[in-house]
Amino acid sequence: MNVNHLEVGMRGSTEREKVRFTSDGTECVGMKEIELSAGTIAYEDTGGDGPTIVLLHGLMMDASLWDGPIADLSADHRCVAPTLPLGAHRHPMRADADLSLPAIARLVAEFLDRLDLHDVTLVGNDTGGALVQLLMCDGAARVGRVVLASCDAFDNFPPGLTGKTLVLTGKLPPRMFGLFMQQMRLRPLRRLPITFGWLTKRGDAATARWVKPVMRQAGIRRDAVRALRAAAADPGLLLAAAERLPSFDRPALVVWAVGDRVMPPEHGRRLAELLPQGRLAEIADSYTLIPLDQPARLAQTIREFVRRARAKTP
């Protein structure tokens, strides 16, 4: 399905809203962009008066990771999903932008501030969960509760065969990295355990879409390599974060894929035990990317958690 973009409005000089149309002229969900300190960030925002859920993706992914859960949750929640500069974004960041994970976590905090979001349920999957942990350690004043869904944790950073392979390729010059990623056009290569094969059972169409920006834009290749090199330079990042997680005193749900082959299931149990208000939910028939493999089950789990947590909050 072909999608065309038409800019229809502007608020100030830093936030733009576009409308997407399919090839037959049908209007799709609004796509917005906002200018932050690192550069232009695209994001989905369903709007609405319900509780706000902000959803974060991982390396070499974009906000479409959350399309399935958002289609369900948006019936009674405001869902906001930014596409972060982690290798599948659409606009290159500024040349001097810090693309380490701590810096991107600060960018998420800036995003929440700029949209003036309050009492947010912050959800992260894959490396998006690492960003949530970093925000938890820094206080996360606008966050009322968190959901960690099969994510990087403890010493599993970069995670599994997939993460280690990706970081290894990040040592290549950006142009060579782009040539390497060209191979991801082939489904058999995308399904290898060292690429996306152990991340998702059913989400190959999404993974094929995520690798396109880095193939097409030199600036995105540059950003991806910088982000990967920064991750490789700080392997103890999440071990240090884990020491501070017990100070997070708000409701926390840890959702883990029972059959996860990249994020060890015992890490889910450890995270839930570390958090004073943590609890664990397990989801069957899924790999790491639960939003792709079990979107309805994940959406229902998040909905029940938000409802119960908000009911207990004065």
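Preceding this section is the structure that the text describes.
Before going into details, it helps to say that this report is about the structure given with it. Computed from a predicted model, the values in this text were never measured in an experiment. (Residues numbered from 1 in each chain as written. Predicted model: local features only at pLDDT ≥ 70, side-chain atom pairs only at ≥ 80, totals over all residues. Heavy atoms only, no water.)

**Quick notes on the environment of Leu-271**
Basically, it comes down to this: Helical segments are the DSSP runs of H or I of at least four residues, strand segments are the runs of E of at least two, and each set is numbered from the N terminus. Throughout, exposure labels follow a simple rule: accessible area from a 1.4 Å probe, protein chains only, divided by the maximum for the residue type, with under 20% read as buried, over 50% as exposed, and the rest as partly exposed. Note on contacts: a residue pair is in contact if any heavy atoms of the two residues lie within 4.5 Å.
Looking at the secondary structure, you find Leu-271 in helix H11 (residues 265–274). Judged by relative accessible area, which is 0%, Leu-271 ranks as buried. Considered as a pair, Leu-271 and Leu-253 are 18 residues apart in the sequence and their alpha carbons are 9.4 Å apart. The residues touching Leu-271, leaving out its near neighbours within four places in the chain, are Gln-133, Leu-148, Cys-151, Ala-153, Phe-154, Leu-245, Val-254 and Trp-256.

**As for a positive patch on the surface**
Put simply, the rule reads: Surface patches are defined over residues having more than 30% relative accessible area and no salt bridge, joining like charges when they lie within 9 Å and nonpolar side chains (Val, Leu, Ile, Met, Phe, Trp, Tyr) when within 5 Å. Residue burial considers only the protein chains on display, and all accessible areas are found by Shrake-Rupley using a 1.4 Å probe. Any carboxyl oxygen of Asp or Glu that lies within 4 Å of a side-chain nitrogen of Lys or Arg is treated as forming a salt bridge with it. As used throughout, the charge tally considers Lys and Arg to be positive and Asp and Glu to be negative, leaving His and the chain termini uncounted. Throughout, a charge is located at the NZ atom of Lys, the CZ atom of Arg, the CG atom of Asp or the CD atom of Glu.
Taken together, the side chains of Arg-279, Arg-307, Arg-308 and Lys-312 present a region of like positive charge at the surface. At three residues, helix H13 (residues 295–312) tops the list of elements feeding residues into the positive patch. Note that Lys-312 resides in helix H13.

**Description of the packing of aromatic side chains**
Rules: Aromatic pairs are defined between Phe, Tyr and Trp rings, using the six-membered ring for Trp, whenever the two ring centres lie within 6.5 Å; interplanar angles under 30 degrees are classed as stacked, those over 60 as edge-to-face, and all others as tilted. The criterion is that NZ of a Lys, or CZ of an Arg, lies within 6 Å of the ring centre and within 35 degrees of the ring normal, and then a charge sits over that ring.
The tally for this structure, following the rule as stated, stands at two aromatic pairs. Plain terms: the ring middles of Tyr-43 and Phe-111 are 5.2 Å apart, the flat faces sit at 80° to each other, and that makes the pair edge-to-face. Here the residue Tyr-43 occupies a position in strand E4 (residues 39–45), and Phe-111 occupies one in helix H2 (residues 101–114), the gap between them amounting to 68 residues. As far as the burial class goes, Tyr-43 and Phe-111 line up, both buried. With centroids separated by 6.3 Å and ring planes inclined at 55°, the aromatic side chains of Phe-196 and Trp-210 adopt a geometry described as tilted. Here Phe-196 is found in the loop between helix H6 (187–190) and helix H7 (204–210), whereas its partner Trp-210 is found in helix H7, with 14 residues between them in sequence. For Phe-196, a relative accessible area of 7% corresponds to the buried category. Overall, Trp-210 belongs to the buried group, its relative accessible area being 0%. Here Arg-270 stacks its cationic end above the ring of Phe-154, 3.7 Å away from the centre of that ring.

**A closer look at the pattern of salt bridges**
One pass over the full model with this rule turns up 18 salt bridges. Across the pair Arg-142 and Asp-116 runs a salt bridge, and its minimum N-O distance is 3.2 Å. Taken together, the residues Arg-142 in the loop between helix H3 (127–137) and strand E8 (143–151) and Asp-116 in the loop between H2 and strand E7 (120–126) connect sequence positions 26 residues apart. Relative accessible area serves as the criterion here: at 44%, Asp-116 is assigned to the partly exposed category.

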